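Residues per chain are reported as follows:
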Amino acid sequence: MSLPFTGSAALPALRATAATERDRRDRLEQEVVALFDQFREPLMRYLSSVGLTFADGEEVVQEIFLALFQHLERGKPRDNLRGWLFRVAHNLALKRHYRTRRELEARAGAKDLAVDPGPNPEDQMESNQTQRRLLAVVQALPLQDRKCLSLRAEGLRYREIAEVLGLSLGTVSLSLARSLARIARAAER
Amino acid sequence: MQHEDFHLSDQQILQDIDGELSTHEEKLVRAHLGECWKCRARRQELESAIGDFVRMHQQEFDAKLPPAAGPRALLKAQIAGLAATPNRNARRFAPPRRVAWELAAAICGVLVIGVFLALSGIGRQSQPHAHAVVISIPDSTLTPGATLLVSRRAVCSQENTKNKPVPTLVQRKVFEEYGIARADPRAYEVDYLITPALGGADDIHNLWPHSNSAAVWNAPVKDALEDRLREMVCDGTLDLTEAQREIANNWIAAYKKYFHTDKPLAER
């Protein structure tokens, strides 16, 4: 929201410029908020899959969208904003020391699943066991493989993933195939 | 690929599933899949691994994700904060970290008291003030007060009620708005009108320069009022929004009212 100018002292031309500028900012804000609504969840999912807590994830998401606002305000390129958002998310997540937190979360998460009561306890238990096994496999993957997987799950193409993570196309493709092979093996058991 | 001992790699199968093959490669891979059950079965296994992963990826997450309303409101407030900061490259207002993020989920919007004042045409243009002016009550057009919509419980469960320092750039902006840009910064303390301990926001509309030289109604007196109001809010004798309103309207009047006195009580 931008504040109106007093205007009394301003020349009409200046006032018109100010009004245009205000409109532009309002439109930009609306655009950024719409993108926030569209991408908060995917970004949070990605950040949490690479080990950030929800609290840290929310903070990073705020930073991302403020950066987006400034990026667009400076008239920077707006093609492939999805790739841009994930790239910034990746860089900001790197800055956080999350390894220990990830491990804590993983343990807490596994516990949550184990005690989660369901409408049909037996089915629930069985599906929980599979879930737990899958979760364990995914969490045992190297961080880079996990990142590739969750970016792909959020709909990014190989080229976009490669750009976000600074990898070659071949590395992305191999990483995904390797991870899915492990998941497939875990599901078989 | 026509040779019967030849099988596709996981990578090739996955690239096909993901539509990442060139037209030529795709043709070869499809031809092989057409004739090789083994590779087709492998394709299915990888497809179902994708399904498993996506389900887990979402289930693990969806039930736990806090609603978007609070973070959205915070984002809007921060964008507005950017607009109010003269230097776009300046450090933005950090989200109020003392209000735990778990509690931020309870935030369902950001209320800027006095938005109407602002919208009705009173801008934040500098107004001329004498340089050595003593300010013991904020200008309500410049500092109407701004709050986060936090619950009483959130406010009262904050352990650390010490205000964090206001960034120098923001302080300078406040000074400019009050027309005291060239005054000695040590003569003033940039203070929150509605203290964050009572749900006040990190927002320039909630900041004002309180003169250190104010002989009677000075910062320690206001701190005492804040402590008093917070106690009353937390023991349930005063409504949080009422406390915020009173302190934003006229903190000196609020002091007189809640301490039943016309002048500040002796230092506590």
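Residues numbered from 1 in each chain as written. Chains lettered and ligands numbered in written order. Predicted model: local features only at pLDDT ≥ 70, side-chain atom pairs only at ≥ 80, totals over all residues.

Caption draft 1: Layout of the overall build of chain B. The secondary structure content of chain B amounts to 11 helices and four strands. Looking at chain B residue by residue over its 268 residues, the buried ones come to 35%. Within chain B, residue pairs in contact and separated by at least 24 positions form 79% of the contacts whose partners lie at least 6 positions apart. (Helix = DSSP H or I, 4+ residues; strand = E, 2+ residues; numbered from the N terminus. Buried ≥ 20, exposed ≤ 12 C-beta atoms within 10 Å, placed from the backbone. Contact = placed C-beta atoms within 7 Å.)

Caption draft 2: Region of the structure containing the nonpolar core. One finds A:L43, A:L47, A:A89 and B:I247 to be the most contacted residues of the largest nonpolar core, which totals 82 residues. Per-element tally for this core: the top contributor is helix α1 (residues 12–49) of chain A, with seven residues. Ignoring sequence-local partners within four residues, the contact set of A:L47 consists of A:L52, A:G57, A:V60, A:A89 and A:A93. (Core = buried A, V, L, I, M, F, W, Y, C linked by C-beta atoms within 7 Å.)

Caption draft 3: Here's a closer look at the pairing of strand β3 (residues 188–192) of chain B. Residue and element names in this part refer to chain B. For β3, a buried count of four out of five residues is recorded, marking the element as mostly surrounded by other parts of the structure. Sheet topology note: the β3/strand β4 (residues 207–211) ladder contains five bridges and is antiparallel. When the bridges of β4 are listed, D191 appears paired with W208. (Pairing = 2+ DSSP bridges.)

Caption draft 4: The arrangement of the confidence of the model for chain B in detail. Residues and elements named next belong to chain B. In this model, chain B carries an average pLDDT of 78, and 79% of its residues clear a pLDDT of 70 or more. Note on residues 86–131: pLDDT under 50 across the span, and 102 contacts to partners over four residues away in sequence or across chains. Taken over the whole predicted complex, pTM reads 0.52, whereas the ipTM for its chain interfaces reads 0.73. (pLDDT = per-residue confidence, 0-100.)

Caption draft 5: Representation of the packing of helix α1 (residues 10–17) of chain B against helix α3 (residues 37–62) of chain B in the model. Residues and elements named next belong to chain B. Two elements in contact, α1 and α3, have axes separated by 10 Å at closest approach and are oriented at 65°. Relative to α3, α1 is oriented roughly perpendicular. Every pair of crossing elements has a handedness; the one defined by α1 and α3 is right-handed. Taken together, the residues of α3 that come into contact with α1 (itself represented by D10, I13, L14 and I17) are C39, R42, R43, L46 and E47. (Axes fitted to C-alpha atoms, helices over the stretch in contact; angles between N-to-C directions. Parallel < 35°, antiparallel > 145°, perpendicular 65-115°, else oblique. Left-handed = near helix turned anticlockwise from the far one by under 90°.)

Caption draft 6: Representation of the packing of helix α3 (residues 81–95) of chain A against helix α7 (residues 158–165) of chain A. All names here are of chain A. α7 packs onto α3 with a crossing angle of 35° between their chain directions and a minimal axis gap of 8 Å. The element α3 and its partner α7 pack so that their crossing is right-handed. Contacts between α3 and α7 involve G83, F86, R87 and H90 from the first element and E160, E163, V164 and L165 from the second. Of the residues contributing to the contact of α3 with α7, the split by class is three nonpolar, two polar and three charged. (Nonpolar A, V, L, I, M, F, W, Y, C, P; charged D, E, K, R; others polar.)

Caption draft 7: Summary view of the environment of B:R182. Note that B:R182 resides in the loop between α8 (168–177) and β3. Considered as a pair, B:R182 and B:R172 are 10 residues apart in the sequence and their alpha carbons are 9.7 Å apart.

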